[in-house]
Amino acid sequence: MSHPSLGSVALAIAGKDLRIEWRSRVVINQVLPFSGLVMVMFALALDDDAMLQRTAGGLVWLATLFSLFMIVQRSYAVDTQDGALDAMRVAGVDMQAMFLGKSLALAAQLFVLEVVLFAVAMVLYRVSPLPDESTLAGFVLLVTTVICATLGLGFVGTLYGGLIAGAKGRDSLLPLLLLPVLAPVLLGATRATESALRSGGAVVAEGWPWVAVLVVFAGVFGVGGLLSFGALIEE
Amino acid sequence: MGSQATRSGVGTPATRVFGVIATLALGWVVVGGIFVTPPDVVQGESVRIMYVHVPTAWVSYLAFIVTAVASAGYLFGRRHSLGFDRVAGAAAQVGVSFMALTLISGSLWGRLTWGTFWEWDPRLTTTAFLFVTYLGYLAVRGLDGTPAQRAKRSAIVALLAVFEIPLVHFSVVLWRSLHQEASVLSTDGDIKMDDLMLFTLLVGVVGFTALFMWLVSHRQRVMALRDIVESRRIDVAMAERVAEGTPL
C-alpha cells in the first residue's frame, strides 16, 4: 500500500476547501462585496481624491486584512461543524499536509480577493501600476508583492485559525491575535504597493526590500506552521 | 502545597524575602526619587518619571522572556508540567500590567519633554505591538478547555510571539527609517546621570524586579489553587451524579 506524498495530500485538502467554497459561494457572495464596500467607505471617510490616490495601496491591504478574518473563520467553521477536523486527524491525515493544504486554499481565495480589490482601486482611487505602457517594472513588483504577501497571510491565517478553532468565544479573538502578527505584512505590502503604483513620488526600486521582508515573513510562518500545526490540532 | 492551603495566604519564606527587598527598594525610589535626587540639567523635574519608567520597562521585557522560556519548558519538557504553564501565565499577566505602566509613564514623560503623548518611532511602536500581542496571549489563556489544552495553546502562541516580535520590530525600524525626522527626539532623553540618580535608578530596577518575583510567585500559586478547587468541584459534581444513580 503506497503512502500518499505530502504534496498530494496537501493538494487534495486545498482542493476540498476550494470546492466547498465554490459550491457554497460564501466568500464570493459575502466577503467580496464586503471588501468592495469597505473600499467605498474609505472614500466616504477620507473625502480627498489626492489622498485616496496616495494611500490606495494601504487601503487595499487594509480591506484585505479585514476580509481575511472572515475567510479564515469560514474555513474553520466548515471543518469544525460536523467534527470533520477530528475525523481527518483520526483517519491519519498528515497534519503538515493539512496545514499546507489549508494555507494554499486560503491563499488562493485571498489572491482572487486582492485582484478584485486592486481592480476596484484602479477605478475608484484612480491608480495604476502601468502609468506609461512602456515600463512593466511596477506591474512586476505588484504581482510579486501580492504573491509573497498572500502566501504569508495564508500561512498565518491557517495557523492562528487552527489555534482557536472550535473554542468558544473565538470570533472576536482572531482579529486581536492576527493583527499584531500581520503588522510586517501590512507594512511590507503597503510600502511595496505604493512603490509599484508610484504613489506620492515613490520609485519602483524602493519596493523590493519590502518584498524581501514579505518573503522572510512567509518563510518564518510557513516553517513555524509546519512544525506547530500538528501539536495545535491534537487535543 | 497541603500545608500552604491551610494558611491564610500563599506566602512562604522565599516570597517574604522578595517582599522585603521590594518594599525597601521601592520605598527608597519614592523618597529618593521625589525628594532627594536632583532635577536633570536639561529636563528638570520630569526626569523623575524615569525612576518608574525605566524599571517597569525592564521588568515587562523580563516578564515576556520568562513567559517564553516557561512556555518552552512546558511544551518541550518531558513531563509537560503545568507549573511551567502557570508561571508563563502569571508572568504574562504581570508583564502586561507593567507594560501598561511603562506606556503610560513614558507617554506622560513624552508630553513633558517632547510636547506629544506619542511618537511613531521604532521602539514605541514595537512596544505597543508587544503589549497588544500579550493581550492576545492572555485572551487565548481565557478560552475554554482543560488546563492541558489551555497550556498547549498558550505555549504555542507565546513561542510564535518570540519569532513574531523581532519581525515586527525589524519592519517598523525599516518603515521609520523612511521618515528621517526622528533624530531630534531621542528616546533615551539624553540624561547625564548624576551618581545619586543612577543609584536610585538601579535601586528601582532591583525593587521592581523583586516586586515582579513576588507577584509572579503569588499569582502562580493562586492559579494552582484555583485549578485544584476547579478539579475538586468536578469530582464533587461527579460523585453527586453517581450518588443519584445508587438505589436506596
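Everything quoted here is computed from the prediction, not taken from an experiment.

A. Representation of the overall build of chain B in the model. Assigned secondary structure in chain B consists of 7 helices and 0 strands. Referenced to the eigenvectors of the C-alpha coordinate spread, the extents of chain B come out at roughly 85 × 45 × 30 Å. Residue burial in chain B is summarised as follows: out of 248 residues, 37% are buried. Restricting the contact set of chain B to residue pairs at least 6 apart, pairs at least 24 apart contribute 80%.

B. Geometry of the overall build of chain A. Scanning chain A from N- to C-terminus turns up 8 helices and 0 strands. Computed over its C-alpha atoms, the radius of gyration of chain A comes to 18 Å, within 12% of the 18 Å expected for a compact globule of 235 residues. Expressed as lengths along the three principal axes of its C-alpha atoms, the size of chain A is roughly 60 × 35 × 30 Å. Evaluated residue by residue, chain A yields a buried proportion of 47% over its 235 residues. Once local pairs closer than 6 in sequence are excluded, the contacts in chain A between residues at least 24 apart make up 85%.

C. Quick peek at the confidence of the model for chain A. Overall, the prediction assigns chain A a mean pLDDT of 89, with 96% of residues at 70 or greater. Within chain A, the element-level pLDDT minimum falls on helix α4 (residues 84-90) of chain A, averaging 87, and the maximum on helix α5 (residues 95-124) of chain A, averaging 95.

D. Region of interest: the interface of chain A and chain B. Facing 24 residues of chain A, the contacting portion of chain B comprises 23 residues. Mapped onto the side of chain A that touches chain B, the elements with two or more residues apiece are α6 (137-164), α7 (173-197) and α8 (208-233) of chain A. Broken down by element, the residue count for the side of chain A that touches chain B peaks at 10 residues, all from α7(A). Tallied by class, the residues present in the side of chain A that touches chain B amount to 16 nonpolar, 4 polar and 4 charged.

E. Spatial organisation of the nonpolar core. Among the nonpolar cores identified, the biggest contains 129 residues, and Ala121(A), Val156(A), Leu214(A), Ala63(B), Ala88(B), Ala91(B) and Phe212(B) are the most heavily contacted of them. With 14 residues, α5(A) is the single largest residue contributor to this core. Leave out the neighbours within four places in its chain, and Ala88(B) touches Thr67(B), Ala70(B), Ser71(B), Tyr74(B), Ser154(B), Ala155(B) and Ala158(B).

F. Quick peek at helix α1 (residues 6-24) of chain A. Residue and element names in this part refer to chain A. Over its 19 residues, α1 extends 27 Å from the first C-alpha to the last, a length consistent with the 27 Å expected when each residue adds 1.5 Å. When α1 is considered as a whole, its buried residues turn out to be Ala-10, Ile-13, Ala-14, Asp-17 and Glu-21. Along the axis of α1, the buried positions cluster into a sector of 95°, meaning they face one direction only. Those residues of α1 that are exposed and angled more than 90 degrees off the buried face are Ser-8, Arg-19, Trp-22 and Arg-23. Where the residues of α1 are buried, they touch α2 (26-46), α3 (49-81) and α5. Looking one or two residues beyond α1, the residue adopting positive phi is Arg-25, at roughly 60°.

G. Quick peek at the confidence of the model for chain B. Residues and elements named next belong to chain B. The share of residues in chain B with pLDDT of 70 or more is 91%, and the mean pLDDT across the chain is 86. Predicted confidence in chain B is weakest over helix α1 (residues 2-6), with a mean pLDDT of 51, and strongest over helix α4 (residues 82-113), with 94. In the model, residues 181-185 has pLDDT below 50 throughout and makes 4 contacts with residues more than four positions away in sequence or in other chains. Among the scores for the predicted complex, ipTM is 0.86 and pTM is 0.87.

H. Expanded view of the packing of α2(A) against α5(A). All names here are of chain A. Between α2 and α5, the shortest axis-to-axis distance is 10 Å and the interhelical angle comes to 35°. As for the relative orientation of α2 and α5, their crossing is right-handed in sense. Listed contacts from α5 to Val-27, Val-31, Leu-32, Ser-35, Gly-36, Met-39 and Ala-43 of α2 are Gln-109, Leu-113, Val-116, Leu-117, Val-120, Ala-121 and Leu-124. The class makeup of the residues in the contact of α2 with α5 is 11 nonpolar, 3 polar and no charged.

I. How the structure looks around α2(A). Residues and elements named next belong to chain A. The end-to-end C-alpha distance of α2, which contains 21 residues, comes to 29 Å, matching closely the 30 Å that a straight helix rising 1.5 Å per residue would cover. Taken together, the buried positions of α2 are occupied by Val-27, Val-31, Ser-35, Met-39 and Phe-42. As for α2, its buried residues are in contact with α1, α3 and α5. Asp-47 sits one or two residues past α2 and shows a positive phi near 50°.

J. Local environment of the packing of α7(A) against α8(A). Residue and element names in this part refer to chain A. Put simply, α7 and α8 touch, their axes get as near as 8 Å, and they point 150° apart. As summarised for this structure, α7 and α8 are arranged roughly antiparallel, according to the angle between their axes. Taken as a pair, α7 and α8 cross one another with a handedness that is left-handed. Packed against α7, whose contacting residues are Pro-184, Val-185, Gly-188, Ala-189, Arg-191 and Ala-192, the element α8 presents Trp-210, Val-211, Val-213, Leu-214 and Phe-217 at the interface. Split into classes, the residues belonging to the contact of α7 with α8 amount to 9 nonpolar, 1 polar and 1 charged.

K. Fine view of unusual backbone geometry. Positive phi is not limited to glycine here, since Arg25(A) has a value of about 60°. On the secondary structure map, Arg25(A) appears in the loop between α1 and α2. Looking at Arg25(A), the number of C-beta atoms within 10 Å reads 10, which means it is exposed. Phi angles above zero are rare outside glycine, and His80(B) is one such case at about 45°. Following the sequence through the fold, His80(B) ends up in the loop between α3 (50-76) and α4.

Calculation rules
Numbers given for residues are sequential positions, taken from 1 along each chain in its written order. Working convention: letters from A go to chains and numbers from 1 go to ligands, in the order in which they are written. With pLDDT at 70 or above as the cut-off, local features in this predicted model cover only qualifying residues; side-chain atom pairs require 80 or more to be listed or tallied, and sums for whole chains, interfaces and linings still use all residues. Only DSSP runs of H or I with at least four residues qualify as helices, and only runs of E with at least two residues qualify as strands; both kinds are numbered from the N terminus onward. Any residue surrounded by 20 or more other C-beta atoms within 10 Å of its C-beta is treated as buried, while 12 or fewer makes it exposed and the intermediate range makes it partly exposed; C-beta atoms here are placed from the backbone. Residues are scored as being in contact if the C-beta atoms we place from backbone atoms lie within 7 Å. As a reference, a globule follows 2.2 Å times the number of residues to the power 0.38, and the radius of gyration itself is taken over C-alpha atoms. You can read pLDDT as the predictor saying how much it trusts each residue, on a scale of 0 to 100. By the convention adopted, Pro, Cys, Tyr, Trp, Phe, Met, Ile, Leu, Val and Ala count as nonpolar, Lys, Arg, Asp and Glu as charged, and the other residues, Gly among them, as polar. A set of buried residues drawn from Ala, Val, Leu, Ile, Met, Phe, Trp, Tyr and Cys, joined through C-beta atoms within 7 Å, is what defines a nonpolar core. Here, expected helix span is obtained from the residue count minus one, scaled by 1.5 Å. As used here, the arc belongs to the directions running from the helix axis to the C-beta atoms. Working convention: axes come from line fits to C-alpha atoms, limited for helices to the stretch in contact. Angles between N-to-C directions cover 0 to 180 degrees. In this scheme the crossing of two helices becomes right-handed for a clockwise turn of the near helix relative to the far one and left-handed for an anticlockwise turn of less than a right angle. Orientation categories follow fixed angle ranges, with anything under 35 degrees roughly parallel, anything over 145 roughly antiparallel, 65 to 115 roughly perpendicular, and all other angles oblique.

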